[in-house]
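Listed below are the residues making up each chain.
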Amino acid sequence: MRFEVSKVLDAIEARLTTDPAMARAVVDLSEVARYADLDGGRPASLLRLGLVIDALGRHVAEEEVPVYAVAPRALLSDADLTSNERMVVRRWADDGVVEVVPELEDRVLEVAELIGLPVLSRSRAEQFRDRRPWVDEPGRLLAAVPGAGGPVLVARVGRGEVPAVGEPSPMGAKLLARVWRCPESNCSNFGGGDSDSPFADMRKLTSPVAQPPPTLKAGVPTCPRHGTRLSDAGPRPAVEVLSVRIDDVIRRRFVVSADKPVVVGRAPEGGDGVMLGQWLSDDARKWISRGHARFALDGEDLTVQDVSTNGTGIRPGGSDDDDERITLDRDEVRKLDEDDVVELYAGVNVGRARLWATGGVSQPTSVMAEAPTMAIRKFER
Ligand SMILES: [Zn+2]
């Protein structure tokens, strides 16, 4: 049983991020862990985060949806979790995949506001509504409640619209335009404080382009974990979030930054690329090269380069008209306009993530798939 629990926790971990470009919602891990009505189990369980992540995936109809989880430090020693769960939360905190803060206060809402994400919470918003009035906007506050086919998200206001993602507040846009440095030597999110340390290379550091938003203390950008004042380490490289859409289904999102071009194909070499093989039909798999198209940021311009055997197409403005389709020559680089869609094969597309609001997946892959039975209480000690 223990083995299966750890596999579920690994699946959950793969969906945790503090990268503002990738996160789709913000949760308070200490709150979600106590939703005992979702499974009728013990007072606190980390696995409930998996149930809520699955509910979000169904809500936005998308595969591999990541969440930004914040937890108060007290959760690391919460006696209602198993010792294994406490150890896992500690590891997540050390690796920077979960943000652990001394006191939660309204950090969950602050993150949501700065990045422009919905909050998944039953109660958190009430306490701070006067300061964060946007929680009353449609779709911004969603609560996970028990449903027939697993937990569902219900909106506090509106009918559960899928909110626009990635519209930071003006302050968020300012903060996310810079790279920040924490003076603490063990800061995984704002690291680099003591690059002379012999252990500096051993730390798992968040890339500057994926840093979470600082917290504001009396208007000063501050490390959410250490409470220390952050220093400004210069402009943050631009990023662009792209989606892979196959037969009208969003399969995954990925980030292209100025320092990190991304190759998309059947099975790109090197491990950094976006692998499509598992989602392709036999014909598409034969047509699409292992590495097929390379996406890069050149200044502000998003470009695509054909690196395939059979060629890459561009549909200007997403046009369905085959006469307008542009075919790139091998190695040709072309700038992508806002609405341009890259076509690797008929129905296999890559474009800016904001082109496609929702995902079209009726039953996203569950992070709970490795759980031995439907009921979580079954695999408690
Ligand atoms: Zn720090």
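Quantities reported herein were computed from a predicted structural model and do not represent experimental measurements.

**Q** Is there a simple way to explain the overall build of the protein in this structure?
**A** A tally of helices and strands in the protein yields 8 helices and 21 strands. Across the 381 residues in the protein, those meeting the buried criterion constitute 52%. The long-range share in the protein, meaning contacts at least 24 apart out of those at least 6 apart in sequence, stands at 63%.

**Q** Before we go on, may I ask you to explain the pairing of strand S2 (residues 68-72) in this structure?
**A** On any regular strand, side chains alternate: one points to one face of the sheet, the next to the other face. Extensive coverage of S2 is indicated by the burial of 5 of its 5 residues. For strand S1 (residues 26-28) and S2, the ladder comprises 3 bridges, and the chain directions are parallel. Its bridge partner lying in S2, Val27 is registered against Ala69. Sheet analysis places S2 next to strand S3 (residues 99-101), joined by 3 bridges and oriented parallel.

**Q** It is not clear to me how the side chain of Ser30 should be interpreted in this structure. Could you clarify?
**A** Mapping Ser30 onto the fold places it in helix H2 (residues 29-32). Side-chain polar atoms of Ser30 contact the side chain of Asp28, separated by 2.6 Å. Filtering out sequence-adjacent residues up to four positions away, Ser30 remains in contact with Val70, Pro72, Leu75 and Leu104.

**Q** Help me out: how do you make sense of the nonpolar core in this one?
**A** Side chains that are nonpolar tend, in soluble globular proteins, to be buried together. Grouped together as the largest cluster of nonpolar side chains are 42 residues, with contacts concentrated most on Ile12, Leu16, Leu49 and Trp92. Mapped onto this core, the elements with two or more residues apiece are helix H1 (2-13), H2, helix H3 (47-60), S2, helix H4 (83-95), strand S5 (141-145) and strand S6 (152-155). With residues near it in sequence (within four places) discarded, Ile12 still touches Leu46, Leu47, Leu49, Gly50, Ile53, Trp92 and Val367. Counting residues in each nonpolar core, the second largest holds 25 residues, with Val274, Leu276, Ala284 and Ile314 among its members.

**Q** Would you mind showing me how to read the coordination of the zinc ion here?
**A** Six octahedral donors around a metal ideally make angles of 90 or 180 degrees; four tetrahedral donors ideally make 109.5 degrees. Of the protein atoms, only Cys182 (SG), Cys187 (SG), Cys223 (SG) and His226 (ND1) coordinate the zinc ion, at distances of 2.1 to 2.4 Å. Of note is the zinc ion, whose 4 donor atoms meet at the metal with angles of 105 to 117 degrees in an arrangement that counts as tetrahedral. The exposure class assigned to Cys187 is buried, which follows from its relative accessible area of 2%. A relative accessible area of 23% means that His226 is categorised as partly exposed.

**Q** Honestly, the sheet that holds strand S19 (residues 333-335) in this entry has me stumped. Any pointers?
**A** The pairing of strands in a sheet comes from backbone hydrogen bonds and takes either a parallel or an antiparallel form. With respect to topology, 5 strands assemble into an open sheet ordered S14-S13-S15-S16-S19, the strand pairing being mixed. The sheet is open, and its two borders are formed by strand S14 (274-275) and S19, each paired with just one other strand. With 3 bridges connecting them, strand S16 (residues 301-306) and S19 associate as antiparallel partners. In the sheet register, Val304 faces S19, and the bridge partner there is Arg334.

**Q** Would you explain unusual backbone geometry in this entry?
**A** Glycine aside, residues mostly have negative phi, and peptide bonds are mostly found in the trans state. Of note, Ala61 is a non-glycine position whose phi angle comes to about 55 degrees, a positive value. By relative accessible area, which is 16% here, Ala61 ends up buried. With phi around 40 degrees, Glu105 is a residue other than glycine that occupies positive phi space. Taking the relative accessible area as the measure of exposure, Glu105 reaches 45% and is therefore partly exposed.

**Q** Looking at this model, I keep getting lost on H4. Mind explaining?
**A** Think of an α-helix as turning once every 3.6 residues; residues three or four places apart then point the same way. The first and last C-alpha atoms of H4 sit 18 Å apart over 13 residues, in line with the 18 Å expected at 1.5 Å per residue. Just beyond H4, the residue with positive phi is Gly96, at close to 75 degrees.

**Q** What's the story with the side chain of His292 in this structure? I'm lost.
**A** Here His292 is to be found in the loop between helix H8 (282-287) and strand S15 (293-298). The buried category is assigned to His292, whose relative accessible area is 0%. Setting aside residues no more than four positions away along its own chain, His292 makes contact with Val263, Val264, Gly265, Trp287, Gln305, Asp306, Val307, Ser308, Gly311, Thr312 and Leu344.

**Q** What is the right way to look at the sheet that holds strand S20 (residues 341-345) in this model?
**A** Pairing is antiparallel in the open sheet, where 6 strands are placed in the order S12-S11-S21-S20-S17-S18. Pairing within the sheet leaves two strands with one partner each, and these edge strands are strand S12 (249-257) and strand S18 (326-327). Here strand S11 (residues 239-246) runs beside S12; their pairing, made up of 8 bridges, is antiparallel. In the strand pairing of S12, Val241 is matched with Val255.

**Q** When you look at the packing of aromatic side chains in this model, what are you seeing that I'm missing?
**A** Given two aromatic rings, their pairing is described by the distance between the two centres and the angle made by the two planes. Tallying each qualifying case throughout the model produces 2 aromatic pairs. Here Phe254 and Phe295 contribute two aromatic rings whose centre-to-centre distance is 6.2 Å and whose plane-to-plane angle is 65 degrees, an arrangement assigned as edge-to-face. One end of the pair, Phe254, is in strand S12; the other, Phe295, is in strand S15, and 41 residues separate them in sequence. On the accessibility criterion, Phe295 (0% relative accessible area) is buried. Relative to Tyr345, the ring of Trp287 lies with its centre 6.3 Å away and its plane at 50 degrees, an arrangement referred to as tilted.

Parameters at a glance
- Residues numbered from 1 in each chain as written.
- Predicted model: local features only at pLDDT ≥ 70, side-chain atom pairs only at ≥ 80, totals over all residues.
- Heavy atoms only, no water.
- Helix = DSSP H or I, 4+ residues; strand = E, 2+ residues; numbered from the N terminus.
- Buried < 20%, exposed > 50% of the residue type's maximum accessible area, 1.4 Å probe, protein only.
- Contact = heavy atoms within 4.5 Å.
- Pairing = 2+ DSSP bridges.
- Polar contact = N/O pair within 3.5 Å; in protein donor to acceptor, adjacent residues only side chain to side chain.
- Core = buried A, V, L, I, M, F, W, Y, C linked by side-chain atoms within 4.5 Å.
- Donors = N, O, S within 2.8 Å, 3.2 Å for Na, K, Ca; no water.
- Tetrahedral: all angles 85-135°; square planar, octahedral: opposite > 155°, others 65-115°.
- Expected span 1.5 Å × (residues − 1).
- Phe/Tyr/Trp six-rings, centres within 6.5 Å; stacked < 30°, edge-to-face > 60°.

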